[in-house]
Amino acid sequence: MRHRAWTERAGQAANRLLIGLACLAVFLPLILTLYLSLFNEQIIVFPPHAYTLAWYAQIAGKFGDAIWTSLRIAMAAVALSLLIGIPAGIGLSRYRFPGRGALSTLLLAPLTIPGIAIGLAIYVLAVWIEEQTGLALAGSLRLLIMAHVLITMPWVVRLCLASLTNHERTTEEAAASLGANPIRVLLRVTLPAMRPGIVAAALFAFIVSFENLELNLFLVAPGLTTLPVAVLQYLQYHIDPLVAAVAVAQMAIVGAALMLLDRFVRLGQVL
Amino acid sequence: MIPYLRLDSLTKRYHDTLAADRVTLDIAQGEMIVLLGPSGCGKTTTLRMIAGFVEATEGTIELEGRPIGNLPPHRRDMGMVFQNYALFPHLSVARNVAFGLEMRPIPRPEREKRVAEMLRLVKLDQYAARLPRQLSGGQQQRVAIARAVAIHPKLLLLDEPLSNLDAELRQDVAREIRLLQQDRALTAIMVTHDQQEAMTMADRLVVMRDGRVQQVGRQEDLYERPQTPFVARFIGNSNLLPGTLGDRFRTEGGAEIRLAGTYKTAGHATIALRPERISLSIAADTARARGEILLSSYMGAVVEHVVALDPQTQLVTRGASFGDSATPRFPAGTSVGLNWLPSAECVFDDNDRPIARIATQQRIETNA
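These lines cover the structure that appears in this document, whether it is placed above or below. (Residues numbered from 1 in each chain as written. Chains lettered and ligands numbered in written order. Predicted model: local features only at pLDDT ≥ 70, side-chain atom pairs only at ≥ 80, totals over all residues. Heavy atoms only, no water.)

To continue, consider the overall build of chain A. From N to C terminus, chain A includes ten helices and zero strands. Starting at the N terminus and walking to the C terminus, you meet the elements of chain A as α-α-α-α-α-α-α-α-α-α. Taken over the C-alpha trace, chain A has a radius of gyration of 24 Å; the compact-globule value for 271 residues is 18 Å, which it surpasses by more than 25%. The burial tally for chain A puts 42% of its 271 residues in the buried class. Intrachain contacts of chain A at a sequence separation of at least 6 include 70% that bridge at least 24 residues. Here chain A has roughly 15,400 Å² of accessible surface; of this, 69% comes from carbon and sulfur atoms. One way to put it: in chain A the 17 positive side-chain charges average out to a point 13 Å from where the 12 negative ones average out. (Helix = DSSP H or I, 4+ residues; strand = E, 2+ residues; numbered from the N terminus. Rg over C-alpha atoms; globule rule 2.2 N^0.38 Å. Buried < 20%, exposed > 50% of the residue type's maximum accessible area, 1.4 Å probe, protein only. Contact = heavy atoms within 4.5 Å. Areas by Shrake-Rupley, 256 points an atom, 1.4 Å probe, with all protein chains shown as cover. Lys, Arg positive; Asp, Glu negative; His and termini not counted. Charge placed at Lys NZ, Arg CZ, Asp CG, Glu CD.)

Here you go:
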């Protein structure tokens, strides 16, 4: 009896310790970043002599364009990948057709290829197309958006497929028998059933696009730089708390997106 | 007169298999038809062809004299109830019931009136604002029925509507469906594999097997005058004994049976005997057949015996456990005589067609 109580207590203590360590591992870098961003120093020295919010004031001037570019790309990539990924998910879950496996693999493949390889390949392709047709692709916003669709699409397709696995097809038949034409069945039965999956897909797609670095390296151009690339370029010449402040801003943007979405769906149900 | 719904040679072929094979059926307005058969008999395929979810390979469907085979499901005006309820999970009970009405040009006040009326009818007016997942299975199925009936469908289609429910609930919902159908004079087609359910609900039954209609008729027709051995066994679990028909009937195992009827033809045949119409006695002299008790079970209302006529042939008998003609429980090994009235007996030829009876013999004389 006493023996069991002892092992139980030890188990509970170990449990708490592990949870604590995990929280530390997750949150310490974030907290440290926040802490660094407040240092009133030109280079990062420890401990700081004073604190300031001045670095945040510089974000808009130094990284404003990059943040705006990243936001535009992410939002366009989300919209486009939903536009393609939702119908693709419905089709893949519903129909058995020749080449279905291949199509499914193709849509998910970009997940398995390193971003840097995709970026290089797209760049080479864009240059080649430009040579052949004179179409200015390399270094354009459209190319960046299309490239991002490539990496956001697998998430959308995967999550839409998952959202349909528990979907009762008979609800669609019920709606049809009640007089709903196929478009109304889609809008009033199928899409509502997929809603949590679609919201999760949009969320993942946004984050994947917004935080991507490798893919962008080849595709950005002067005046058209995404935030992660801008940060990297900045870091090559400066090591000051501004980078930490930008990182905090980036976290704030993603966090705001999460919170906004949480208003529409309970994220706990989705993820 | 033109029937309300006419199925003419309705056929569905999947590759080499015929899921439905020339199904032909006339249904009158206000009738409740039950398609009955084991899984894979084509009953569901037939229902889905009527609903428009499955396209017929051949044949026609006419509703009120107009062919509807080419209409998509949403233009057929049929309310369908599914085995798994198929409620819209994101809509409240009231919105589920309103769904079909929203698809029609029905003004809002009328729509709300009808939803309220339907919910009252299935006794769910308290639950209008709930989501389907907050209801029990029986309640969900009642919502599904209300949803299907609310549109005043030309046909109510029910696809195994009771099989997901508990045994007790099943009877309640069955009765509710039947009352609603009669009250509204709805023409309904139900699919089930449960013989009891079919007998309870139907005006007429359609027994199907391997895609084909075996027999159409009222409960009495199917029970008293089965047209195939399959129907005899499926409705009421007749004993089927294969053998040779001559002066007497000889089973494959060599037992002799004195039939209650005299039949036109001789040769290979199968006899079907109703278990509850066979009586057992020790005084075996006057028996139509003799056998030995293998098993006896007291089931409450009835006593059931398994009797071996010969090493290959067994049959089941059921007799009342109470009253003047109560069947005692014979111990295994008892030698018994079996007797039955002509109505217990049907004979089928090698093509599974019934053999006509020329004469009947009410009693067997001793030493006959």
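Counting its secondary structure elements, chain B contains eight helices and 22 strands. Projecting the C-alpha coordinates of chain B onto the three principal axes gives extents of approximately 80 × 45 × 35 Å. Burial analysis of chain B (368 residues in total) assigns 51% to the buried set. When contacts within chain B are restricted to residue pairs at least 6 apart in sequence, long-range pairs at least 24 apart make up 67% of them. Carbon and sulfur atoms provide 47% of the accessible area of chain B, an area that totals close to 17,400 Å². Separation of charge centres in chain B, based on 45 positive and 43 negative side chains, amounts to 5 Å.

This part takes up the interface of chain B and chain A. On the chain A side, the residues contacting the 21 residues of chain B number 17 residues. Here chain B meets chain A over a buried area of about 1,700 Å², counting both sides, of which 61% is carbon and sulfur. Where chain B touches chain A, the interface holds two salt bridges. Here A:Glu173 makes a salt bridge to B:Arg48, at a shortest N to O gap of 2.4 Å. The tally of links from chain B across to chain A stands at seven residue pairs in polar contact (both at pLDDT 80 or more). Those elements giving two or more residues to the side of chain B that touches chain A turn out to be β6 (78–81), α2 (93–102) and α4 (137–150) of chain B. When residues in the side of chain B that touches chain A are grouped by element, the largest group, four residues, is from α2(B). Split into classes, the residues belonging to the side of chain B that touches chain A amount to twelve nonpolar, four polar and five charged. (Buried area = accessible area lost by both parts, 1.4 Å probe. Salt bridge = Lys/Arg side-chain N within 4 Å of Asp/Glu carboxyl O. Polar contact = N/O pair within 3.5 Å; in protein donor to acceptor, adjacent residues only side chain to side chain. Nonpolar A, V, L, I, M, F, W, Y, C, P; charged D, E, K, R; others polar.)

Below, the discussion takes up the sheet that holds strand β11 (residues 239–245) of chain B. All names here are of chain B. Taken in spatial order, the five strands line up as β13-β12-β11-β15-β21 in an open sheet, and their pairing is antiparallel. Where the open sheet ends on each side, the last strands, each with one partner, are β13 (256–257) and β21 (345–348). Here seven bridges tie β11 to strand β15 (residues 267–273), and the two strands are oriented antiparallel to one another. Paired with Gly243 across the two strands is Ala269, which belongs to β15. (Pairing = 2+ DSSP bridges.)

The next subject is unusual backbone geometry. Residue and element names in this part refer to chain B. The backbone of His15 shows a phi angle near 50 degrees, a positive value even though the residue is not glycine. Checked against the element boundaries, His15 lands in the loop between β1 (5–14) and β2 (17–27). On the accessibility criterion, His15 (77% relative accessible area) is exposed. Of note in this structure, Glu64 is not a glycine but carries a positive phi near 50 degrees. Counting through the fold element by element, Glu64 comes out in the loop between β4 (58–63) and β5 (66–67). Accessibility expressed as a relative area gives 38% for Glu64, which makes it partly exposed.

Along an α-helix, residues three or four apart share an orientation, since each turn contains 3.6 residues. All names here are of chain B. If you check helix α3 (residues 108–121), its first and last C-alpha atoms are 20 Å apart, about what 14 residues at 1.5 Å a residue would give, namely 20 Å. Considered for burial, the residues of α3 that qualify are Arg111, Arg114, Val115, Met118 and Leu119. The buried residues of α3 all sit within an arc of 130 degrees when viewed along its axis, so they share a single face. When the buried face of α3 is taken as reference, the exposed residues oriented beyond 90 degrees from it are Pro109 and Lys113. Check the buried side of α3 and you find it contacts α2 and α4. (Expected span 1.5 Å × (residues − 1). Arc of directions from axis to C-beta.)

Right, let's talk about the nonpolar core for a bit. B:Val97, B:Phe99, B:Leu156, B:Leu158 and B:Ile177 are the most contacted members of the largest nonpolar core, which totals 56 residues. When residues in this core are grouped by element, the largest group, seven residues, is from α4(B). Residue contacts for B:Leu156: discarding those within four places in its chain leaves B:Gly79, B:Val81, B:Ala148, B:Val149, B:Leu186, B:Thr187, B:Ala188 and B:Ile189. Counting 33 residues, the second largest nonpolar core, distinct from the first, contains A:Ile59, A:Ala202, A:Phe206 and A:Val231. (Core = buried A, V, L, I, M, F, W, Y, C linked by side-chain atoms within 4.5 Å.)

Residue and element names in this part refer to chain B. Evaluation of the coordinates by the stated rule reveals 29 salt bridges over all chains. The salt bridge involving Asp77 is made with Arg104; its shortest N-O contact spans 2.8 Å. Taken together, the positions of Asp77 in the loop between β5 and β6 and Arg104 in the loop between α2 and α3 put the pair 27 residues apart, joining distant regions of the chain. Salt-bridge contacts for Arg277 lead to Glu224; the nearest nitrogen and oxygen are separated by 2.8 Å. Placement of Arg277 in the loop between β15 and β16 (278–281) and of Glu224 in helix α7 (residues 219–224) is noted, with a sequence separation of 53 residues between them. With a relative accessible area of 26%, Arg277 lands in the partly exposed category. Its relative accessible area of 31% is what places Glu224 among the partly exposed residues.

Another aspect to go through is a nonpolar patch on the surface. Residues and elements named next belong to chain A. Taken together, Ile116, Leu120, Tyr123, Val124, Leu217, Phe218 and Leu232 make up a surface patch of nonpolar side chains, about 550 Å² in accessible area. Ranked by residue count, the leading element in the nonpolar patch is helix α4 (residues 115–133), at four residues. Within the secondary structure, Phe218 is located in the loop between α7 (182–210) and α8 (227–237). (Patch = residues over 30% accessible without salt bridge, like charges linked within 9 Å, V, L, I, M, F, W, Y side chains within 5 Å.)

All names here are of chain B. Two numbers describe how α2 lies on α3: the axes approach to 9 Å, and their chain directions differ by 130 degrees. Regarding the angle of α2 to α3, the classification is oblique. In terms of crossing hand, the pair formed by α2 and α3 is right-handed. Counted together, Val93, Ala94, Val97, Ala98, Leu101 and Glu102 of α2 and Arg111, Arg114, Val115, Met118 and Leu119 of α3 form the full contact between these two elements. Of the residues that constitute the contact of α2 with α3, the class distribution is eight nonpolar, no polar and three charged. (Axes fitted to C-alpha atoms, helices over the stretch in contact; angles between N-to-C directions. Parallel < 35°, antiparallel > 145°, perpendicular 65-115°, else oblique. Left-handed = near helix turned anticlockwise from the far one by under 90°.)

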